Amino acid sequence: MVVGPFEIDLRAGKDYPGAWSEFRAWFPDDTACRRYLERLRWPEGFVCPACGCTKAWRASGDLWMCSGCSRRSSVTAGTILDKTRTPLTVWFAAAWHMTNQKLGVSALGLQRALGFKSEQTAWTMLHKLRRAMVRPDRDKLAGEVEVDETYVGGVTKGGKRGRGAEKKFIVAIAVELREPKGFGRVRLRHVPDVQASSLVPFVCDVVEPGSLIRTDGHPGYDTLPSQGYRREKLVLSASDTPAHVSMPAVHRVASLLKRWLLGTHQGSVHAEHLQSYLEEFTFRFNRRHSRQRGLLFYRLLQQAVGAPPVPYKDIVGGGQ
Ligand SMILES: [Zn+2]
């Protein structure tokens, strides 16, 4: 179970809505949404994004006026919600739908739920929110970690759906193992190939050195010991123990991931957006033991006001 700092103290009805009816009562308008974001972004009170000064007063509208540098800023300045023309109430509803359902929501599903004219609006919002699902300072996995690759289906750029357009993408998976049993956190990366040049940097980026890495016999992992990792190689012969028995964690995660991409997103994921979907899966998987779905809503918005803005062209281009 992943318990972030102070998470234990967060409660439905106090820190986040416990149900849709409560959600509606808490966030009737954009002012209410702003107040909530202010609480998430500045739990100790306003901090000027420009100079770090904490002395300020509320200027006209929703702006704060810093007494240090005289800059005006809003709670969404410098975040993914910056300069949005979509009302915050709609962003909040999107974040709620995205986190409140066990498997998330597709762009079409969100379009229907919120009554948008175009699926594109819903699609862009979901992609922006996915950007907020990655904490840049997130901890590395540690202890005993299973690492493997899997193939997921998707579509090529400009490709038609259906027969002939399908393409397989490679996803590297790392999962913490818990004693005496069970899985911890996961990290996923869309990699171009299964060469050491793709797999070893993935492990180095997401796992603490000194950890024990369990892999199959693939030579792509052979240089891990020179990077400060211990490696346990599981050599499987054709008649041997099946992979889902010897590498249960990565196989479980791979099958959940594939089911989610096929189920919620109909497998229609493009290469340039796959990493965003992997982040959403990771966000949800790593919080799968949260007692309350509202806690995911809280975390998502908290990270949204801690994350830098993403211009639309970057989302379309899939840039990082
Ligand atoms: Zn300032």
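The rules behind each value
Residues numbered from 1 in each chain as written. Predicted model: local features only at pLDDT ≥ 70, side-chain atom pairs only at ≥ 80, totals over all residues. Heavy atoms only, no water. Donors = N, O, S within 2.8 Å, 3.2 Å for Na, K, Ca; no water. Tetrahedral: all angles 85-135°; square planar, octahedral: opposite > 155°, others 65-115°. Helix = DSSP H or I, 4+ residues; strand = E, 2+ residues; numbered from the N terminus. Buried < 20%, exposed > 50% of the residue type's maximum accessible area, 1.4 Å probe, protein only. Salt bridge = Lys/Arg side-chain N within 4 Å of Asp/Glu carboxyl O. Core = buried A, V, L, I, M, F, W, Y, C linked by side-chain atoms within 4.5 Å. Contact = heavy atoms within 4.5 Å. Pairing = 2+ DSSP bridges. Phe/Tyr/Trp six-rings, centres within 6.5 Å; stacked < 30°, edge-to-face > 60°. Lys NZ or Arg CZ within 6 Å of the ring centre and 35° of its normal.

Asker: So, the coordination of the zinc ion: which residues are in play, and what are the values?
Answerer: Every protein donor of the zinc ion is listed here as Cys48 (SG), Cys51 (SG), Cys66 (SG) and Cys69 (SG), and their distances to the metal cover 2.3 Å. One can describe the donor arrangement at the zinc ion as tetrahedral, given that its four donor atoms subtend angles of 102 to 113 degrees at the metal. Read in sequence order, the donor residues coordinating the zinc ion give the pattern C-x2-C-x14-C-x2-C. Here cysteine 51 is found in the loop between helix H2 (30-41) and strand E1 (56-58), whereas its partner cysteine 69 is found in the loop between strand E2 (64-66) and strand E3 (72-73), with 18 residues between them in sequence. A relative accessible area of 41% places cysteine 51 in the partly exposed class.

Asker: So, unusual backbone geometry: which residues are in play, and what are the values?
Answerer: Excluding glycine, residues mostly have negative phi values, and the peptide bonds linking residues are mostly trans. Omega for the peptide link from glutamate 179 to proline 180 comes to -5 degrees, which places this bond in the cis form. Located in the positive-phi region is serine 70, a residue other than glycine, with phi close to 65 degrees. Residue position: serine 70 is located in the loop between E2 and E3. For serine 70, a relative accessible area of 52% translates into the label exposed. Despite not being glycine, lysine 83 has its phi angle at roughly 55 degrees, a positive value.

Asker: Can you tell me about the pattern of salt bridges, naming the residues and giving the values?
Answerer: As enumerated under the stated definition, the model contains 16 salt bridges in all. Here arginine 130 makes a salt bridge to glutamate 280, at a shortest N to O gap of 2.6 Å. Note that arginine 130 is positioned in helix H5 (residues 119-131) and glutamate 280 in helix H9 (residues 274-285), a separation of 150 residues in sequence. Like glutamate 280, arginine 130 is buried. Residue aspartate 222 pairs with lysine 233 through a salt bridge whose shortest N-O separation is 4.0 Å.

Asker: Pulling in residues and values, what's your account of the nonpolar core?
Answerer: Within the largest apolar cluster, 68 residues are counted, with the highest numbers of intra-cluster contacts made by Tyr36, Leu37, Phe92, Ile173, Leu188, Leu257 and Phe297. Counting residues per element, this core draws most heavily on helix H3 (residues 88-100), which supplies eight residues. In contact with leucine 188, other than residues within four places in its own chain, are Val171, Ala172, Ile173, Phe202, Val253, Leu257, Gln275, Leu278, Phe281 and Thr282. In this structure, Val191, Leu199, Val207 and Leu224 belong to the second largest nonpolar core, which totals 18 residues.

Asker: Could you give me a rundown of the sheet that holds E2, with the residues and numbers involved?
Answerer: One open sheet accounts for three strands, arranged E1-E2-E3; its pairing is antiparallel. The open sheet has two free edges, formed respectively by E1 and E3, since each of these has just one partner strand. Pairing of E2 with E3, which is carried by two bridges, proceeds in the antiparallel orientation. Bridge pairing links methionine 65 to arginine 72 in E3.

Asker: Give a description of the packing of aromatic side chains that names residues and reports values.
Answerer: Using the criterion set out here, one finds 20 aromatic pairs in the structure. When the centroid spacing of 6.4 Å and the interplanar angle of 65 degrees are considered together, the rings of tyrosine 16 and tyrosine 298 count as edge-to-face. Of the two residues, tyrosine 16 sits in the segment before helix H1 (20-26) while tyrosine 298 sits in helix H10 (residues 294-304), which places them 282 residues apart along the sequence. Of the residues examined, tyrosine 16 reaches a relative accessible area of 1% and is grouped as buried. Considering the side-chain rings of tryptophan 96 and phenylalanine 297, the 5.3 Å spacing of their centres and the 70 degrees angle between planes classify their relative orientation as edge-to-face. Placement of the pair is tryptophan 96 in helix H3 and phenylalanine 297 in helix H10, with a sequence separation of 201 residues. Each member of the pair tryptophan 96 and phenylalanine 297 is classed as buried. Members of the aromatic cluster, connected to one another through ring pairs, are Trp20, Phe23, Trp26, Phe27, Tyr36, Phe92, Trp96 and Phe297. When the ring centre of phenylalanine 283 is taken as origin, the NZ or CZ atom of arginine 287, which lies over that ring, is 4.2 Å away. The aromatic ring of phenylalanine 285 is capped on one face by arginine 288, whose charged end is 4.0 Å from the ring centroid.

Bear in mind that shape data such as this cannot, by itself, settle questions of function.
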